[in-house]
Amino acid sequence: MAAPTRLLSRLAVVSGGGSGIGRAVCQRLASEGASVVVADRNEESASQTLETLSRHSKGQEHMAVTVDVSSRESVEKLVTIIQCQYFQPPSVCVSAAGITQDEFLLKMEEEDFDKVIQVNLKGTFLLTQAVSKALVAAGASKGSIITVGSIVGKVGNLGQANYSASKAGVEGLTRTAAKELSRYGIRCNCILPGFITTPMTDKVPEKVISKLTSMVPLGRMGEPAEVADVCAFLASDDSRYITGVSIEVAGGLFIG
Ligand code: NAD
């Protein structure tokens, strides 16, 4: 059961907050008392998420900001906007923005490889770095950086050489960030979703989905809210002695 005030007076930024897992994370963090900055490339969907966010107290204020996480300039502008609005950097940073551009390795265009790396891996690096720098500069005593990898970063997946490489990279980035930033009180952890029902997986043919679902020990796709539950735990002090880990939220897919 959610503790409704676990994130009271926390400020969180969520990239990819306009859809799927990112939207569910925004809703969950807000429901636990955090002020949430919904950051997404898609302005309209970010505004739609913003409209759904709950407010428990007068001090809890949310906003939506358009950002392209693959651009350093855009990410730095996002952090500047947040600091101007709230007079502090976000102490919770969730990198959920991500894309797929699937093709078999033998046919994959270099451009499509680069595009996925730019958003999923470099975008996570840029946001993690910008928020961490702001936290250290502000002398903050704690922070929680949460990245979103994927189970396919560990096991690979047909047609996803670019995507699985980007997600394996996110895990390595997160573990290194955890080692470097712990002395500033900043914890860094990675969530590895399995197959979650979102607009991203809506693109996958029904036949493939039912084959994949049959491989999941819990026998179904996951819901974005089930990923958001873990994210809220990692954002909160309930996980205060946890850093540098990857948590699979995959219904038991690929156990062992
Ligand atoms: P989604 O497509 O529903 O949402 C992704 C969001 O990211 C969109 O709102 C999109 O506008 C935003 N985005 C894309 N490029 C961006 C950019 N350059 N800058 C800012 N925002 C950008 O996808 P989802 O399923 O909710 O995925 C969220 C995260 O979870 C992704 O990193 C994805 O790789 C990861 N993931 C998803 C699944 C799954 O089964 N759905 C499994 C494993 C990992």
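Here we summarise the structure given alongside this text. No experiment lies behind these values; they were computed from the predicted model shown. (Residues numbered from 1 in each chain as written. Predicted model: local features only at pLDDT ≥ 70, side-chain atom pairs only at ≥ 80, totals over all residues. Heavy atoms only, no water.)

Spatially, the 7 strands line up as an open sheet ordered 3-2-1-4-5-6-7, and their pairing is parallel. The open sheet has two edge strands with one neighbour each: strand 3 (63-66) and strand 7 (246-249). Put simply, the sheet's adjacent strands are angled 20° from each other on average, direction ignored. Seen against the sheet, helix 6 (residues 161-181) touches strand 5 (143-148), strand 6 (186-193) and strand 7 and runs at an angle of roughly 160° to strand 6. Each of strand 4 (92-95), strand 5, strand 6 and strand 7 is contacted by helix 9 (residues 224-235), which is oriented at about 165° to strand 6, the strand it contacts most. (Pairing = 2+ DSSP bridges. Helix = DSSP H or I, 4+ residues; strand = E, 2+ residues; numbered from the N terminus. Axes fitted to C-alpha atoms, helices over the stretch in contact; angles between N-to-C directions. Contact = heavy atoms within 4.5 Å.)

Our next topic: the pairing of strand 2 (residues 35-40). Here strand 2 lies mainly inside the structure; 6 of its 6 residues are buried. Burial along strand 2 is two-sided: the face carrying Ser35, Val37 and Ala39 and the face carrying Val36, Val38 and Asp40 are both buried. Examined bridge by bridge, strand 1 (residues 11-15) and strand 2 share 5 bridges and lie parallel to one another. Paired with Leu11 across the strands is Ser35, a residue of strand 2. In terms of handedness, the path from strand 1 via helix 1 (residues 20-31) over to strand 2 forms a crossover that is right-handed. You can see the chain leave strand 2, run along helix 2 (residues 43-52) and come back into strand 3, and the turn it takes is right-handed. (Buried < 20%, exposed > 50% of the residue type's maximum accessible area, 1.4 Å probe, protein only. Right-handed = clockwise from strand over helix to strand, strands pointing away.)

This part covers helix 6. The first and last C-alpha atoms of helix 6 sit 30 Å apart over 21 residues, in line with the 30 Å expected at 1.5 Å per residue. Where helix 6 is concerned, the buried positions are Asn162, Tyr163, Ser164, Ser166, Lys167, Val170, Glu171, Thr174, Ala177, Ala178 and Leu181. Where helix 6 is buried, its residues meet helix 4 (110-137), strand 5, helix 5 (152-155), strand 6, helix 7 (199-202) and strand 7. (Expected span 1.5 Å × (residues − 1).)

Moving residue by residue along a regular strand, the side chains alternate between the two faces of the sheet. The buried fraction of strand 1 amounts to 5 of the 5 residues, a majority that puts the element mostly inside the structure. Burial along strand 1 is two-sided: the face carrying Leu11, Val13 and Ser15 and the face carrying Ala12 and Val14 are both buried. Where strand 1 meets strand 4, 4 bridges bridge the pair, whose relative direction is parallel. Within strand 4, the residue paired with Val14 across the bridge is Val94.

Further remarks concern the nonpolar core. By size, the foremost hydrophobic cluster in this structure holds 40 residues, and its most contacted members are Val13, Val37, Val75, Leu78, Ile82, Val131 and Cys188. For this core, the secondary structure elements donating two or more residues are strand 1, strand 2, strand 3, helix 3 (72-86), helix 4, helix 6, strand 6 and helix 8 (206-214). It is helix 4 that provides the largest number of residues to this core, a total of 8 residues. Once residues within four sequence positions are removed from consideration, Ile82 is found in contact with Leu11, Val13, Val37, Phe87, Gln88 and Pro90. (Core = buried A, V, L, I, M, F, W, Y, C linked by side-chain atoms within 4.5 Å.)

Positioned with a positive phi, Ser9 is a non-glycine residue whose angle comes to about 65°. Tracing the chain through its elements places Ser9 in the segment before strand 1.

What follows deals with the side chain of Ser95. Counting through the fold element by element, Ser95 comes out in strand 4. Ignoring anything within four residues of it in the chain, the contact list for Ser95 reads Ser15, Thr124, Leu127, Thr128, Ile146, Thr147 and Val148.

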